[in-house]
Amino acid sequence: MADEFAKGLAILSGAGMAWLTLAGWYRTPSFEGTGVQLIAPVETPSSIYGEIGIALMDVMAWFAVMGALTFWVVIPAVEQAREAYAERSN
């Protein structure tokens, strides 16, 4: 069970850091102002790399959440169900 926790934490940390980096680039209009940072609306990108970065930002956010939930909730639940089924069929 410790390896599932470590894998989920690694996915959450890595994808979260990638999202924070991309959100800092694309969702922060100014660092001097009093506006919101990291949650501001995304401006229209001027290149294909900007479009890829914005798409990757959304992918990283979902990957962080779904990856952590998979390793912390789904896989342990499946293992518990498999053990219960094995005990019941004996």
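Everything quoted here is computed from the prediction, not taken from an experiment.

Draft legend 1. Region of interest: the overall build of the chain. Helix and strand content of the chain: two helices and zero strands. Counting only C-alpha atoms and orienting by the principal axes, one finds that the chain spans roughly 65 × 25 × 20 Å. For the chain, contacts bridging at least 24 residues in sequence account for 58% of all contacts bridging at least 6. Working note: accessible area of the chain is about 6700 Å², and carbon and sulfur atoms make up 67% of it. On the chain, the mean spot of the 4 positive side-chain charges and the mean spot of the 9 negative ones are 11 Å from each other.

Draft legend 2. Layout of the environment of Phe31. Its location among the elements puts Phe31 in the loop between helix 1 (2-26) and helix 2 (48-89). The contacts of Phe31, once residues within four sequence positions are left out, are Gly24 and Gln37.

Draft legend 3. View of the environment of Asp3. Relative to the elements of secondary structure, Asp3 occurs in helix 1. As a C-alpha pair, Asp3 and Phe71 span 68 residues in sequence and 9.1 Å in three-dimensional space.

Rules behind the numbers
Residues numbered from 1 in each chain as written. Predicted model: local features only at pLDDT ≥ 70, side-chain atom pairs only at ≥ 80, totals over all residues. Heavy atoms only, no water. Helix = DSSP H or I, 4+ residues; strand = E, 2+ residues; numbered from the N terminus. Contact = heavy atoms within 4.5 Å. Areas by Shrake-Rupley, 256 points an atom, 1.4 Å probe, with all protein chains shown as cover. Lys, Arg positive; Asp, Glu negative; His and termini not counted. Charge placed at Lys NZ, Arg CZ, Asp CG, Glu CD.

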